Amino acid sequence: MLEPDLLVTKFTVPPVRSGLLQRSRLLTLLEQSCQVPLTLLSASAGFGKTTLLSAWASQNQYKGQVAWLALEEQDNDPMRFWAYVIAALRKAGAPVGTPAEALLHSSQSALLTGAITSLINELAALEQDIALILDDYHVIREQALHASLQFVLEHRPPNLHLLLASRVDPALPLTRLRARGQMLEIRETDLRLHAEETRQFLRQVMGLTLTEGEIALLETRTEGWITGLQLAALSLRRHTDASAFIQAFTGSHRFILDYVQGEILELLPEDQQRFLLYSSVPTRINAEICQALTGKAASQQALEGLERENLFLLPLDEERCWYRFHTLFREVLLARLQASQPEQFLRLHREAALWYQRQGWAHEAIPHALATRNYVFVAELLEDCVERLSLQGELKTLLAWIKQLPTEVLREHPRLATSYLVIFNLLFPFSQQEQEEKAYLQQLQEGVEWLLQSANHASLPASEQDRLRKRLLILDTWKLAKKALSAGNMEQLSKVAEEMQHPELDDDALWQQHGLAPFAMSWRMAGNFPPMVTAIQKIRQRARMAQDRSQEVPILWGLIAAQIALGQLREAQDCCQDLQQLINSLKIPLPLAAYPTLFQAQLAYAWNRLDVAHRAARQAIDRTLSLQYMDILMGAYEVLVRVCIVQGDLTGAEQALSEMEQANQATGIPLFRPWIEGLKAHLWLVQGNLAQAVGWAEHTPYRQEALTYSVYSRESTYLTLARISLAQQNYPQVLQLLAALLSSAEKVSRVGSIISILALQVAALQGSGAKREAKRVLSRLLTLAETEGYTRVFLDAGEPMYQALQAWLATEQELASPVLATYAHDILTAFARTPGETVVQPGTPLSFTAPACPASPLLESLTPREQEVLYLLAEGASNQVIAERLVVSLTTVKKHVSSLFLKLAADNRTHVVARARELSLL
């Protein structure tokens, strides 16, 4: 007999509405509830716990009976609670509870355990299983009820299964049940809608016609929160422009605000509401920042409480140290805070900015500072983090933040203004963006100049005035160098390199690293590398004394580029390894991180390791193409084109040239145009299209330019002109051009250029019949090239070089050093090893197969690691150096070297290398 004040709707399974989203994966999971004493559904409000349980209860797939009880605040009375439980069990068809009711109506509270015991005994006598669902269990706070339910769990009959739906974890022995495998848990992560469920809900349940992109955006905004998604869908029905609504949908929307306020916030104590509002300002929170914002000493306990209560707080680590709020929930809190306490909103952002700044986390600090709208405060924080962010390569981020400061604030912070200018120059040296920013950049620089010239500069210390003047000098040099480069005026660029003196800088890391850039650019493009190396070495020494290895990264790449140009390949390789180690250890981002790959490609080509060169060039391109970083792209494309030509892949060479042109067109830099034209003419020669190559050569202005003053950035183009004249057998013209190029390279000791020029001189002299002069020039070439292991430069000179080498060995070998003679033999062997290569044809086409040295085949082939060790042995590396380069132990290296002695039947390292060359292993 039901009590008259018991509402039958509280223990009636809610009806399942038509068009309900079918959540098969969760219903299947719930089927396991009959195997455990307790099933807990614990999640924040609006995640569909009740709907899921009602759908499961209505499926009729459960073999037993299902009793349902929807709990309310008034049910914290033990007698009322258990009266409703008995009513729910009876409604499900279980004839139980009469003795228990009698005990419940007794005035003696001690009889509660007896009533529950009686109920358990009656349930145990039933033949059928029964599932008791207690919905909204989070409203139960009475400890006696928790204890009584625990008693049921500990003494339940096997046929009774309890299912609880709650917004917080109940005060039950969950840890013990979990450890014993006696509990099934369905939590917020399980209840979140997946992508397909979101699609079905919006289209089938809510009847909305949305694109895949719009659905995905709503899924992201709601994070699988089904109520948030439903509220958004209801609002969408009232808007004609669905896309615009979805883009603007946030937690400040009225439906979301009303739901969270009414269903969640109003039910919480005032101090907990305040904690939620104040701690919602940062996107990620921990106890320390919460204490700084809320003043609550027990912030860790407060956070753990919010997590237990499923108040949309998501842990970000296993230690439960860092958390974040559900995105929409946080937006609701922020909207409430801004509306009700606007003065606190600004104060909290300032406190958050200061806290993050103390941790050194600029990415979190600056957005909070900007939210205060106190731009002087923002500028002060930015000045503190410019150096750190520049070392991390976060230059675009710095630009974006500084740009948000009013110009009047930047006038009072000239360091920030000048930092913006140098960063912009570094990121966009030739970009069209400069035209859009020209007025702004000019305004910034004039502001600093005005400050130094006006009476206000007296407020600046003398050291600060000197610092700013040096910065302005560097910025002026940038302007001159960029203007000359953009116009392709190499004569003006050379004057900049000659006239401007690099200032000694006592400045932060950004200027220490990049203050050299405009001077280095001028020296590099003018081909004058010795002063560049001197300046770089000084800066590198200062960086080492300061024990700041991060400063070495941009220094090293400039040094390596200079070393390659100066023909110091071995030193370049060593520095390249240092650079790669720095990049790996410091996690330096692109584009700087791609420089070692470019240098590897250039060095591998010079040493005729074509597969390595091809792979490295392609990798450098793939890593920097999206960044349009032209310095790396153009150098890598050049290597790729040349390797494809040598390997006979002319289609690949054409494709690489086409990509190179497209990349240059995207940035519109005239500097690289001659470079690309020269490579294209080089390819025409290889393809046998002499007429087209000659036509280009006759109409290009570069030939006369090379004879009057040589421009290093166009040197490869001039060498192509020389090759075209060689193919025409116009030897006087070739020699005149090469003499002019050689004179220019010798003035600045650019040995890399000298070697390339001498190789073509040998070919021209040999082809013209001046064989004695050819041998003389070849002697000089071999002497310069041998120490650095140059190989490809000889092979690219073709048949005339081969003939000159044979003649030199026939007459000069005995007079030359053994080292030089061995080197000449090695080059001849390289010619013999690669008869199928396609090479440029200076004079007579290369159509021969030189006899290879007779050699016995290996009894056992070399392993890949032994091959690597062999290459390093050939370079003269010691066992210790080999161990460092291959990152293996010294013992391992010795083992590989001994194996090479055995396999190659050699007595010592020199013999190993000689045998390897005989067998074409090097």
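Residues numbered from 1 in each chain as written. Predicted model: local features only at pLDDT ≥ 70, side-chain atom pairs only at ≥ 80, totals over all residues. Heavy atoms only, no water.

A word on the overall build of the protein. When you go through the protein residue by residue, the secondary structure sums to 49 helices and seven strands. For the protein, with 922 residues in total, the buried portion stands at 55%. Across the protein, the fraction of contacts at a sequence separation of at least 24, relative to all contacts at a separation of at least 6, is 68%. Only carbon and sulfur atoms are counted for the fraction: they give 51% of the accessible area of the protein, which is about 40,200 Å². (Helix = DSSP H or I, 4+ residues; strand = E, 2+ residues; numbered from the N terminus. Buried < 20%, exposed > 50% of the residue type's maximum accessible area, 1.4 Å probe, protein only. Contact = heavy atoms within 4.5 Å. Areas by Shrake-Rupley, 256 points an atom, 1.4 Å probe, with all protein chains shown as cover.)

This brings us to the nonpolar core. Among soluble globular proteins, nonpolar side chains are generally buried collectively. Of all hydrophobic cores here, the largest spans 123 residues; its most connected members are Phe599, Met634, Leu778, Leu782, Phe794 and Met801. With 13 residues, the single largest contributor to this core is helix H34 (residues 630-646). Residues in contact with Phe599, not counting those within four places in the same chain, are Trp557, Ile560, Ala561, Ile564, Cys576 and Leu579. (Core = buried A, V, L, I, M, F, W, Y, C linked by side-chain atoms within 4.5 Å.)

Throughout the structure, instances matching the rule amount to 18 salt bridges. Across the pair Glu715 and Arg750 runs a salt bridge whose closest N-O atoms are separated by 3.0 Å. Here the residue Glu715 occupies a position in helix H39 (residues 715-727), and Arg750 occupies one in the loop between helix H40 (731-747) and helix H41 (751-768), the gap between them amounting to 35 residues. Judged by relative accessible area, which is 2%, Arg750 ranks as buried. Between Arg792 and Asp796 there is a salt bridge, and its shortest N-O distance comes to 2.8 Å. Each of the salt bridges in this network shares a partner with another, and the network as a whole consists of Asp169, Arg178, Glu185 and Arg187. (Salt bridge = Lys/Arg side-chain N within 4 Å of Asp/Glu carboxyl O.)

Another aspect to go through is the packing of helix H3 (residues 78-91) against helix H6 (residues 143-155). At a minimum axis distance of 10 Å, the contact between H3 and H6 shows a crossing angle of 40°. As the angle between them shows, H3 and H6 are arranged oblique. In this structure, the crossing between H3 and H6 has a hand that is right-handed. Each of Pro78, Phe81 and Trp82 in H3 lies in contact with H6, whose residues at this interface are Ala144, Leu145, Ser148, Leu149 and Val152. (Axes fitted to C-alpha atoms, helices over the stretch in contact; angles between N-to-C directions. Parallel < 35°, antiparallel > 145°, perpendicular 65-115°, else oblique. Left-handed = near helix turned anticlockwise from the far one by under 90°.)

Counting buried residues in strand S1 (residues 38-42) gives five out of five residues, a clear majority hidden from the surface. Side chains Leu38, Leu40 and Ser42 of S1 all project onto a buried face; the interleaved residues Thr39 and Leu41 project onto the opposite face, where all are buried too. Where S1 meets strand S4 (residues 160-166), five bridges bridge the pair, whose relative direction is parallel. Counted as the bridge partner of Leu40 is Leu164 from S4. Note that S1 and strand S5 (residues 183-187) share five bridges and pair parallel. Considered in S5, the bridge of Thr39 is made with Leu184. (Pairing = 2+ DSSP bridges.)

Our next topic: the environment of Lys894. Within the element layout of this structure, Lys894 appears in helix H48 (residues 890-903). Residues Lys894 and Ile882 lie 12 residues apart in sequence; the distance between their C-alpha atoms is 9.8 Å.

Checked against the element boundaries, Thr624 lands in helix H33 (residues 610-624). A distance of 2.7 Å separates a polar side-chain atom of Thr624 from the backbone oxygen of Ala620. (Polar contact = N/O pair within 3.5 Å; in protein donor to acceptor, adjacent residues only side chain to side chain.)

Before going further, it helps to examine the sheet that holds strand S3 (residues 130-135). Across the sheet, five strands lie side by side as S2-S3-S4-S1-S5; this open sheet has parallel pairing. Lying at the two open borders of the sheet, with one neighbouring strand each, are strand S2 (65-70) and S5. Looking at each pair of strands side by side, their axes are set apart by 15° on average, direction ignored. Where H6 meets the sheet, it contacts S1, S3 and S4, and its direction lies at approximately 145° from that of S4.

For the protein, per-residue confidence averages 80 on the pLDDT scale, and residues scoring 70 or more make up 81% of the total. Counting contacts from residues 838-857, a segment whose pLDDT is below 50, to residues more than four positions away or on other chains yields 44 contacts. (pLDDT = per-residue confidence, 0-100.)

Moving on: helix H32 (residues 595-606). Its 12 residues place the ends of H32 17 Å apart at the C-alpha level, agreeing with the 16 Å of an ideal helix rising 1.5 Å per residue. Burial of H32 is extensive: 10 of the 12 residues sit out of reach of the surface. When we look at burial in H32, the residues that qualify are Tyr595, Pro596, Thr597, Leu598, Phe599, Ala601, Leu603, Ala604, Tyr605 and Ala606. Just downstream of H32 lies Asn608, where phi reads positive at about 65°. (Expected span 1.5 Å × (residues − 1).)

Evaluated as defined, the whole model comprises 13 aromatic pairs. Between the aromatic rings of Trp322 and Trp361, the centroid separation amounts to 5.8 Å while the plane-to-plane angle is 55°, which identifies the pairing as tilted. With Trp322 in the loop between strand S6 (313-315) and strand S7 (323-325) and Trp361 in the loop between helix H18 (342-359) and helix H19 (362-371), this residue pair connects regions lying 39 residues apart in the sequence. The class for Trp361 is partly exposed, based on a relative accessible area of 31%. Grouping aromatic residues by their ring pairs yields a cluster made of Trp322, Trp355, Tyr356 and Trp361. Over the aromatic face of Trp322 sits the side chain of Arg284, whose NZ or CZ is 4.7 Å from the ring centroid. The ring of Tyr871 has Arg609 sitting right over it, with the charged end atom 4.9 Å from the ring centre. (Phe/Tyr/Trp six-rings, centres within 6.5 Å; stacked < 30°, edge-to-face > 60°. Lys NZ or Arg CZ within 6 Å of the ring centre and 35° of its normal.)

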